[in-house]
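# Results of the structural survey
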Amino acid sequence: MPSKPNLLKIESLQLTSRIVFSPCQAASSTALNQMLLLKQSSAAVLVSGNPTPVLYTSRFTSRVGCIPVSKTYSSQSFTMANLHKRLTSSPEKLNPVLSCSSHEASPLSENKEHVHGVSEIIVGVLGGGQLGRMLCQAASQMAIKVMILDPSKNCSASSLAYGHMVDSFDDSATVEAFAKRCGVLTVEIEHVDVETLEKLEKQGVDCQPKASTIRIIQDKYMQKVHFSQHGIPLPEFMEISDIEGAERAGELFGYPLMIKSKRLAYDGRGNAVANSQDGLSSAVTALGGFGRGLYVEKWAPFVKELAVIVARGKDGSMVCYPVVETVHRDNICHIVKAPAEVPYKINKLATDVAQKAVGSLEGAGVFAVELFLTEDGQILLNEVAPRPHNSGHQTIEACYTSQFEQHLRAVVGLPLGDPSMRTPASIMYNILGEDDGEAGFRLAHRLIARALSVPGASVHWYDKPEMRKQRKMGHITLVGQSMGVLERRLQCILSGQSDQVHETPRVGIIMGSDSDLPVMKDAAQILDMFGVTYEVKIVSAHRTPEMMFSYATSAHSRGVQVIIAGAGGAAHLPGMVASLTPLPVIGVPVRATRLDGVDSLLSIVQMPRGVPVATVAINNSTNAALLAIRMLGISDTDLVSRMRQYQEDMREENMVKGEKLERQGWESYLNQ
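The model shown is predicted, which means the values in this text are computed figures rather than measured ones.

## What about the layout of surface pockets?
- If you add up the space inside the second largest pocket, you get close to 360 Å³.
- In terms of lining, the second largest pocket is formed by 19 residues, of which the most central are Pro-424, Ala-425, Gln-481, Ser-482 and His-556.
- Taken together, the residues that form the lining of the second largest pocket break down as eleven nonpolar, seven polar and one charged.
- A domain-level breakdown of the lining of the second largest pocket finds at least three residues from each of domain 3 (425-495) and domain 4 (507-635).

## Some words on the sheet that holds strand β23 (residues 534-538)
- In space, the five strands of this open sheet follow the order β23-β22-β24-β25-β26, with parallel pairing throughout. Edge positions in the sheet fall to β23 and β26 (614-615), since each of these pairs with one other strand and no more.
- In this sheet, β26 lies alongside strand β25 (residues 585-590) in parallel orientation, the contact comprising two bridges. Paired with Ile-586 across the bridge in β26 is Ala-614.
- Sheet strands touched by helix α14 (residues 517-530): β22 (507-511), β23, β24 (562-568) and β25. Its angle to β22, the strand with the most contacts, is close to 170 degrees.
- Across the face of the sheet, helix α17 (residues 598-605) comes into contact with β24, β25 and β26 while running at roughly 160 degrees to β25.

## Brief notes about the packing of aromatic side chains
- Per the counting criterion, the structure on display carries five aromatic pairs.
- Taken together, a centroid distance of 5.9 Å and an interplanar angle of 55 degrees make the contact between Tyr-221 and Tyr-295 tilted. Placement of the pair is Tyr-221 in helix α6 (residues 220-229) and Tyr-295 in strand β12 (residues 294-298), with a sequence separation of 74 residues.
- Every member of this aromatic cluster is reached through a ring pair, and the members are Tyr-221, Phe-237 and Tyr-295.
- Just above the ring of Tyr-162 sits the side chain of Lys-145; from NZ or CZ to the centre is 5.7 Å.

## Concerning the packing of helix α4 (residues 194-202) against helix α5 (residues 211-218)
- Taken N-terminus to C-terminus, the directions of α4 and α5 make an angle of 165 degrees; their axes are 9 Å apart at the nearest point. The orientation of α4 with respect to α5, classified from their angle, is roughly antiparallel. Crossing hand, α4 versus α5: left-handed. Here Val-194, Glu-195, Leu-197, Glu-198 and Glu-201 of α4 lie close against α5, whose contacting residues are Ala-211, Ile-214, Arg-215 and Gln-218.
- Of the residues in the contact of α4 with α5, the class split is four nonpolar, one polar and four charged.

## Topic: the pattern of salt bridges
- One pass over the full model with this rule turns up 23 salt bridges.
- As a salt-bridge pair, Glu-195 and Arg-215 come within 3.4 Å of each other at their nearest N and O atoms. Taken as a pair, Glu-195 in helix α4 and Arg-215 in helix α5 lie far apart in primary sequence, 20 residues in all.
- Between Asp-206 and Lys-210 there is a salt bridge; the shortest N-O distance is 3.9 Å.

## Here's the deal with the side chain of Thr-504
- Note that Thr-504 resides in the loop between α13 (483-495) and β22.
- Here Thr-504 is in contact with Gln-481, Val-485, Arg-488, Thr-533, Arg-558 and Gly-559, once residues within four sequence places are set aside.

## Quick look at the sheet that holds strand β11 (residues 271-274)
- Spatial strand order, β9-β12-β10-β11: four strands in an open sheet with antiparallel pairing. Edge strands, defined here as strands with exactly one partner in the open sheet, are β9 (237-240) and β11. Going across the sheet, the axis of each strand differs from the next one's by a mean of 30 degrees, ignoring polarity.
- Here strand β10 (residues 257-261) runs beside β11; their pairing, made up of four bridges, is antiparallel. Bridge pairing links Met-258 to Val-273 in β11.
- Set on the sheet, α6 makes contact with β9, β10 and β12; between it and β9 the angle comes to about 140 degrees.
- Lying over the sheet, helix α7 (residues 243-253) contacts β9, β10 and β12, oriented at roughly 165 degrees with respect to β9.

## Details of empty space enclosed by the protein
- Evaluation of the coordinates by the stated rule reveals four cavities of 30 Å³ or more.
- Taken as a whole, the largest cavity encloses approximately 50 Å³ of empty space.
- As for the largest cavity, its lining consists of Leu-126, Leu-185, Thr-186, Val-187, Leu-197, Cys-207, Gln-208, Pro-209 and Ile-214.
- Ranked by residues supplied to the lining of the largest cavity, first place goes to strand β8 (residues 184-187) with three residues.
- In the lining of the largest cavity, the residues fall into seven nonpolar, two polar and no charged.

## Description of α13
- With 13 residues, α13 should reach 18 Å at 1.5 Å per residue; the first-to-last C-alpha distance of 18 Å fits that figure.
- Every buried residue of α13 is accounted for by Met-483, Gly-484, Val-485, Leu-486, Arg-489, Leu-490, Cys-492 and Ile-493.
- Packing partners of the buried residues in α13 comprise β16 (332-338), β19 (425-432), α12 (437-452) and β21 (472-480).

## Describing the side chain of Ser-603
- With respect to the secondary-structure elements, Ser-603 resides in helix α17.
- Polar contacts involving the side chain of Ser-603 include one to the main-chain carbonyl oxygen of Ala-571, which spans 3.5 Å.

## Description of the nonpolar core
- One finds Ile-509, Phe-530, Val-532, Ile-564 and Ile-629 to be the most contacted residues of the largest nonpolar core, which totals 26 residues.
- Elements represented by at least two residues in this core include exactly β22, α14, β24, β25, α18 (621-632) and α19 (637-664).
- It is α14 that contributes the most residues to this core, seven residues altogether.
- Beyond its immediate chain neighbours, meaning those up to four positions away, Ile-629 contacts Ile-526, Leu-527, Phe-530, Val-532, Leu-639 and Met-643.
- Core analysis: the second largest hydrophobic core is formed by 25 residues, Leu-234, Val-308, Val-353 and Ile-379 among them.

## Things to note about α14
- The terminal C-alpha atoms of α14, which comprises 14 residues, lie 20 Å apart, in line with the 20 Å expected from a rise of 1.5 Å per residue.
- What α14 keeps buried is the set Val-519, Met-520, Ala-523, Ala-524, Ile-526, Leu-527 and Phe-530. Each buried residue of α14 lies within a common arc of 160 degrees when the element is viewed along its axis, so the set occupies one face. Those residues of α14 that are exposed and aimed more than 90 degrees away from the buried face are Pro-518 and Met-529.
- Tucked inside the fold, the buried residues of α14 contact β22, β23, β24, β25, α18 and α19.
- In the segment just after α14, Gly-531 is the residue with positive phi, at about 70 degrees.

## A word on the environment of Gln-394
- Relative to the helices and strands, Gln-394 is located in the loop between β18 (379-385) and α10 (395-398).
- Each C-alpha atom of the pair Gln-394 and Leu-478 lies 8.1 Å from the other, and the pair is 84 residues apart in sequence.
- Beyond its immediate chain neighbours, meaning those up to four positions away, Gln-394 contacts Val-324, Val-336, Ala-338, Cys-399, Ser-426, Met-428 and Thr-477.
- At 3.1 Å, the side chain of Gln-394 and the backbone oxygen of Ser-391 are in polar contact.

## Observations concerning the packing of α14 against α18
- For the pair α14 and α18, interaxial distance at closest approach is 7 Å and the crossing angle is 35 degrees. Along this stretch, α14 crosses α18, giving a crossing that reads as right-handed. Of the residues in α18, those in contact with Val-519, Met-520, Asp-522, Ala-523, Ile-526, Leu-527 and Phe-530 of α14 are Ser-621, Thr-622, Ala-625, Leu-626 and Ile-629.
- Along the lines of polarity and charge, the residues of the contact of α14 with α18 split into nine nonpolar, two polar and one charged.

So, how was this worked out
Residues numbered from 1 in each chain as written. Predicted model: local features only at pLDDT ≥ 70, side-chain atom pairs only at ≥ 80, totals over all residues. Heavy atoms only, no water. 1 Å grid on protein atoms, 1.4 Å probe; cavity = no way out; pocket = protein on both sides within 12 Å on 5 of 7 lines; lining within 4 Å. Points joined across faces, edges and corners; volume = space filled by probe spheres on them. Nonpolar A, V, L, I, M, F, W, Y, C, P; charged D, E, K, R; others polar. Domains from an automatic or database assignment. Pairing = 2+ DSSP bridges. Helix = DSSP H or I, 4+ residues; strand = E, 2+ residues; numbered from the N terminus. Contact = heavy atoms within 4.5 Å. Axes fitted to C-alpha atoms, helices over the stretch in contact; angles between N-to-C directions. Phe/Tyr/Trp six-rings, centres within 6.5 Å; stacked < 30°, edge-to-face > 60°. Lys NZ or Arg CZ within 6 Å of the ring centre and 35° of its normal. Parallel < 35°, antiparallel > 145°, perpendicular 65-115°, else oblique. Left-handed = near helix turned anticlockwise from the far one by under 90°. Salt bridge = Lys/Arg side-chain N within 4 Å of Asp/Glu carboxyl O. Expected span 1.5 Å × (residues − 1). Buried < 20%, exposed > 50% of the residue type's maximum accessible area, 1.4 Å probe, protein only. Polar contact = N/O pair within 3.5 Å; in protein donor to acceptor, adjacent residues only side chain to side chain. Core = buried A, V, L, I, M, F, W, Y, C linked by side-chain atoms within 4.5 Å. Arc of directions from axis to C-beta.

Take a look at the structure:
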């Protein structure tokens, strides 16, 4: 007869969360093993009164390895240190989260039938902030288990992680103990104990990206030296160790002069600007003095700050996300616009620089490459982050594979996903603390409420327990058909006018004179029938050329997707507009008093090479609208369905007329 279960309840943050010990049958008849059940919920299990690391869990009940037991343990004794001690006394080295040995299981191994799901590798993340939280969210859809190491028991990722060890990721012994419970180790913050990572790699622990990369990235001056040696374009820089060195740098590079800390610099921390030699001392003092380790950069006269997320797999394959523009406020990322509105050659150059920079580093994962676009069209590297990054948050809604899913794919060894955008435009807005404490929470709540009422807006809240000014508390992502539309929607959210968001016209109907309106009204009626938004404007190529120029050059950014231009006589309007916009233009030849509209038709179709204008029959704006709808239908399944129904209705109408003609005869048919 089995012995009566010996149960021990450990108090938790919620009554529904507990850890239960119960006996399980041992391999030996002389001993009993104990099975640990981790009941995981939104609350982490808290073992109070003990400074040593505690294992937290937060999802479904999981059966894990057997632990030899000879007595009832107190709640104070259930720590990672004691758990590890009991595990090591077992004949087999067990993973404290899964009932399996702590060897690494490959998701792409030959014995694929033994892998349940996508991957059984446990991903260990050093850090549990918002990046760790979003990694956990991405992992959940693939059922990849993510454990985090973070000193805060209420960190952002804790409630979503498979497991949470509460201790410092700077402590060597803790990181080593944590690594033993993971199949692969990665970071959500680069300011970790790199010496320990190097030691673990020598012991065979899979660290991604590699410790050598973390070491380079941790020291921004070392970053500059490394990338300079690999031919990456950079602003000029030099190390400084005293005020005389700073003054020499000012003489060499001029002012303003950017002074930076080598280490622990992010989100605006560790940067100071000296506008003159007189400002050097105060800038150095603001950074903590020369003892902290400083260097200077020549001021980069940039016109835009760009960023590229680059992912590299374990097999060396690389993919790049679309180039984005980042807008900073007080040296903190404020807005990200995707894709960046830059010429193709700049886009290509930025992508090439980013890929080359990441190619010079070691290891798999997602890397964020921040860049400057200068006035003369140069791309200069600012810095690189070896992890998911603020400049890639919009990829959750805007891309086929988010940066967080991509990072997990990369470090686990899965094929990389498609990084391309699935929406024409996206804007990410950081929700920063506007005040401390409850006042800040109230302001953020109002902002969120306004955002949720706007089409195409998604809200991400990081669930941080403490509100501080300028702290990243969440973000809002907007997706839509054009950057101009999204900018207006964001402005409505920020100004408290979210109820005034209007639908954007997808088709622009323009004409040179109101005399063309009787013809062009048919296009408007067709668009109404199909539920397509549009605008109607008089824009003359001859009488109001400035208005025509403004309309053509702004149409795309305002969200217009197709332009229908009606013109009679010389009919210059369609061609002139087509030369100024990247949008498709459909010309409608309007019958004039002379030449019966043939002159308009010939004028429209005789555009020079490189300036395409589609056209339809004279006075046939109906077909122009139908063609515009078919163009829009490429990315709109509802319009495709409506178009098929329209065609079926025309067929049925024609069949009814034919049957009626046969039944009545042609004379009666004509005389009715």
